[in-house]
Amino acid sequence: MGKEGFLSPKAIGNRIKAKGLQKLRWYCQMCQKQCRDENGFKCHCMSESHQRQLLLASEDPNKIMDNFSQEFKNDFIELIRRRFGTKRVQNNIVYNEYINDREHVHMNSTQWETLTEFTKWLGKEGFCKVDETPKGWYIQYIDRDPETIRRQEELERKKKQDLDDQERSAKFIEEQVRRGQGGREPEVREYHYFTFNLAKGSCSSADGPSKASVALGPSALKAAGSVKRKDVPSTSETKEKKKKSALDEIMEMEEQKKRSVRADHWLHPGIVIKVVTKRLGEKYHKKKGVVKEVQDKYTAVVKMIDSGDKLKLDQSHLETVIPAPGKRVLILNGVYRDTEALLDSIDERKFSATLTLDSGRMKGRRVDGIAYEDFSKMA
């Protein structure tokens, strides 16, 4: 007869069979016991311990359901906060990770009958931001931690301070330009035109006959005829041009500051991407495509390079493609967003690259430390 105990073949076989998820129809939530088949579940329902649990539940069934609902909600929200943070993710992805735990609370023991109903409830209660798309429901966790709220308030205060500094600098520049234009009175030159009477040797003003006639000799007439008017640019005009060029530079710097705020979307038409999701099968997994159209900032219409198929994918299912050095890329995020560049070198330890800008006013500038996810190969 075989050896009985924890290391017996039968015990090991039973643990192997019980490993992983089993059928939900043979799970008892009250006793938190999973049965392997219908016969085992029937025997469990007839057991004394199960009958005692039913008696306890019959005393206050609403309280039991509320406890299971509260536990399910807490575990679900904790998984979103810890695993995905404040990223926008599909509710099915979160639920599939949640049920990987064998000891999780099943939804059929809570007050919600479906995952869609639970998702709507999360949005109504203010735990998450929810939105419905053709691909299903998406949720985004709202972090209400006091430390997080304090950091967000500091960022808002800093952003407001930067805007105030920008407004003050703009007013200062306008004042300087106004002073440069109106500080000095423009020079007004008066030209008097004379008519000469060669016979009498006298001259008169165009405004009227002069009281005193002035006799001009031939040399004076010759000198007067040789005078030519030349337009010489005044120093005020050159200063104004210099100030305008300085103003353009400052405006350009302010524009770069505004663009320095990172965005949570990076899709752009004409870039090469790679499909990283396995939900479409091995046919498209790790395959490259070209973004033909961007919809709602987060969704792209992708044409696969190998098969020519067109897919509609979320940006969370895609990643950028790093080409060989010397190839043309497009910067997708950061200060130089939407700027074309050339890939010079790659730093594999820092997961970044060095680029040379190839468009815009800063063409030819060399930029270091651009992260892999901030640029992609151009089609």
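See above for the structure.
Residues numbered from 1 in each chain as written. Predicted model: local features only at pLDDT ≥ 70, side-chain atom pairs only at ≥ 80, totals over all residues. Heavy atoms only, no water.

What about the pattern of salt bridges?
- Enumeration over the complete set of coordinates arrives at 11 salt bridges.
- Taking the shortest distance from any N to any O, the salt bridge between K283 and D309 comes out at 3.4 Å. Of the two residues, K283 sits in the loop between β8 (272-275) and β9 (288-295) while D309 sits in the loop between β10 (299-304) and β11 (310-314), which places them 26 residues apart along the sequence.
- According to the relative accessible area criterion, D309 is partly exposed, its value standing at 25%.
- A salt bridge links R328 to D358; the nearest nitrogen and oxygen atoms lie 2.6 Å apart. Placement of the pair is R328 in strand β13 (residues 328-331) and D358 in the loop between β15 (352-357) and β16 (366-371), with a sequence separation of 30 residues.
- By relative accessible area, which is 34% here, R328 ends up partly exposed. (Salt bridge = Lys/Arg side-chain N within 4 Å of Asp/Glu carboxyl O. Helix = DSSP H or I, 4+ residues; strand = E, 2+ residues; numbered from the N terminus. Buried < 20%, exposed > 50% of the residue type's maximum accessible area, 1.4 Å probe, protein only.)

Side note on the packing of aromatic side chains
- Applying the stated rule across the entire model yields 12 aromatic pairs.
- When the centroid spacing of 6.3 Å and the interplanar angle of 15 degrees are considered together, the rings of F118 and W121 count as stacked. Linking F118 with W121, this pair stays in helix α6 (residues 115-125), spanning 3 residues, or about one helical turn.
- Pairwise contacts between aromatic rings join F72, F76, Y95, Y98, W112, F118, W121 and F127 into one cluster.
- The ring of F84 carries R83 above its face, with NZ or CZ at 4.8 Å from the centroid.
- The cationic tip of R88 hangs over the ring face of Y298; the distance from NZ or CZ to the ring centre is 5.6 Å. (Phe/Tyr/Trp six-rings, centres within 6.5 Å; stacked < 30°, edge-to-face > 60°. Lys NZ or Arg CZ within 6 Å of the ring centre and 35° of its normal.)

A closer look at unusual backbone geometry
- Unlike most non-glycine residues, D338 shows phi in positive territory, near 65 degrees.
- The exposure class assigned to D338 is partly exposed, which follows from its relative accessible area of 47%.
- Here the phi dihedral of F351 falls at roughly 55 degrees; this positive angle occurs in a residue that is not glycine.
- Along the chain, F351 turns up in the loop between β14 (340-347) and β15.
- According to the relative accessible area criterion, F351 is exposed, its value standing at 55%.

Observations regarding the nonpolar core
- One finds F72, F76, I80, V94, Y98, F118 and I139 to be the most contacted residues of the largest nonpolar core, which totals 20 residues.
- Residue assignment for this core shows that the elements contributing at least two residues are α4 (61-84), α5 (91-98), α6 and β5 (136-141).
- It is α4 that contributes the most residues to this core, 7 residues altogether.
- Sequence-distant contacts of F118, that is, excluding residues within four places in its chain, are made with F72, K73, F76, M107 and W112. (Core = buried A, V, L, I, M, F, W, Y, C linked by side-chain atoms within 4.5 Å. Contact = heavy atoms within 4.5 Å.)

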